[in-house]
Amino acid sequence: MVELANRCSLACVHCAVADTAHPHFDQTGYLNVDMADALFTDLARHGIGFDALIMFWLGEPLLHPEFPRIWASALRTAAENETFGKIEVHTNATHLTPRVTAALLNLSDVPQVIHFSLDATDRDRYLEVKAKDRFEDVVRNMKFFLAEKARLKARFPRPVFQFIVGSNNVDQVPEFRAMWTTVCEELGLPVRVAAGHVPPGEDAVVFFRQLDCPTAELQERENAIYRQAMAEQGLSLPDQASGGESVQPENQGVCAGFWKSPVISWDGSVTTCTRDSTLANTVGSIRDTAFSALWWGETMRRRREAVAQRDYSELKVCQTCFIPKSLNYTGISSEEISEYRDVL
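Reading the values: rules and limits
- Residues numbered from 1 in each chain as written.
- Predicted model: local features only at pLDDT ≥ 70, side-chain atom pairs only at ≥ 80, totals over all residues.
- Heavy atoms only, no water.
- Axes fitted to C-alpha atoms, helices over the stretch in contact; angles between N-to-C directions.
- Helix = DSSP H or I, 4+ residues; strand = E, 2+ residues; numbered from the N terminus.
- Parallel < 35°, antiparallel > 145°, perpendicular 65-115°, else oblique.
- Contact = heavy atoms within 4.5 Å.
- Nonpolar A, V, L, I, M, F, W, Y, C, P; charged D, E, K, R; others polar.
- Buried < 20%, exposed > 50% of the residue type's maximum accessible area, 1.4 Å probe, protein only.
- Phe/Tyr/Trp six-rings, centres within 6.5 Å; stacked < 30°, edge-to-face > 60°.
- Lys NZ or Arg CZ within 6 Å of the ring centre and 35° of its normal.
- Salt bridge = Lys/Arg side-chain N within 4 Å of Asp/Glu carboxyl O.

**Some words on the packing of helix α1 (residues 33-45) against helix α2 (residues 67-81)**
Taken N-terminus to C-terminus, the directions of α1 and α2 make an angle of 5°; their axes are 10 Å apart at the nearest point. As summarised for this structure, α1 and α2 are arranged roughly parallel, according to the angle between their axes. Residues Val33, Asp34, Ala36, Asp37, Phe40 and Ala44 of α1 form the contact with α2, whose participating residues are Arg69, Ile70, Ser73, Ala74, Thr77 and Asn81. Looking at the contact of α1 with α2, its residues break down into 6 nonpolar, 3 polar and 3 charged.

What follows is the structure in structure tokens.
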């Protein structure tokens, strides 16, 4: 994950952006374009590949004034070097301008995805969840994008209409499903509905996502709300969400983040997890050191060996983490860890 900007046009109640005192926002800015290019070059030079490049973290990526240039650079790197299996951007669509739409609806065969973060179906609820009155702007921007995609018969990006289900909006689940399914069908865009994980494919997806909460107690309550809502919609969930397992505020597993999910903040800092919004586990910055040297350096080697033994004694921020029990988490097997050691 690469954060293009740590500023946002909204202040969603479930996001760290809503906390005005959060240290992640003590300074705000944009990812340096040359730094992004150097990152892509470093990955290509060393033959490093990831399943996905996700342009998003705690800010709105389309705020970056050079978003089209960075998107194009990532596409070239993926096309020429197979560096990324797909490229995604997660956006609230407040700044989905015609210029950005034109950049996104390209002719590249590299799989691309655009996640629209919506979480409401009307102006009042949108204001309650998102804290800014931008609902009509967002819907207009998205409908323009979809109409252009249909007109141009553009293969990518694949649109995903994301609704993070919580106690503050669960009653709007049926309406959200109907709203965006209808929009796609009227434009002739194939569409399906899913929960838990976005299924493979190129068709549009109305996607109901589980809410990640700050405490185990709240997570357990919201999980139950989510499961019930998805059952009422006739949507199946992965096995880990099918029951009512309690959520314990203790990390007892092996976290895949130390192997699979590097996160790069707008200022170049590299960490291992999107929950590390204070950058407590940072291993350095790509401002000063190549990503390859940081991600495969001694600090990460030592941490991986400890985490493989379920030892988080030197990783305080990880000790009470319960996200490995979340649907929004991808695990790692002992076989994968062994293969990783063998490659190194």
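Let us keep going from here.
**A look at the side chain of Ser277**
In this fold, Ser277 is placed in the loop between β8 (270-271) and α9 (291-295). Given the relative accessible area of 14%, Ser277 is considered buried. With residues near it in sequence (within four places) discarded, Ser277 still touches His22, His24, Trp57 and Leu58.

**Points about the environment of Asp137**
With respect to the element layout, Asp137 can be found in helix α5 (residues 135-152). Sequence separation between Asp137 and Arg69 is 68 residues; the distance between their C-alpha atoms is 24 Å.

**Describing the packing of aromatic side chains**
The final tally for this structure, using the stated rule, is 12 aromatic pairs. Look at Phe116 and Phe145: their rings are 5.7 Å apart centre to centre, the planes differ by 75°, and that puts the pair in the edge-to-face class. Placement of Phe116 in strand β3 (residues 112-117) and of Phe145 in helix α5 is noted, with a sequence separation of 29 residues between them. Exposure class is identical for Phe116 and Phe145. Each is buried. With a centroid separation of 6.2 Å and an interplanar angle of 90°, the aromatic rings of Phe291 and Trp296 are classed as edge-to-face. Owing to a relative accessible area of 29%, Trp296 belongs among the partly exposed residues under this scheme. Through successive ring pairs, a cluster of aromatic residues spans Phe50, Phe291, Trp295 and Trp296. The lysine or arginine in question, Arg304, covers the ring of Trp295, its NZ or CZ lying 5.1 Å from the ring centre.

**Some details on the pattern of salt bridges**
Taken as a whole and assessed by the stated rule, the structure comprises 18 salt bridges. We note a salt bridge from Arg151 to Glu148, for which the minimum N-O separation is 2.9 Å. You can see Arg151 and its partner Glu148 sitting in helix α5, 3 residues apart, about one turn around the helix. You can call Arg151 exposed: its relative accessible area is 54%. A cluster of three or more residues bridged by salt bridges with shared partners is formed by Asp34, Asp37 and Arg69.

Geometric values such as these leave the question of function open.
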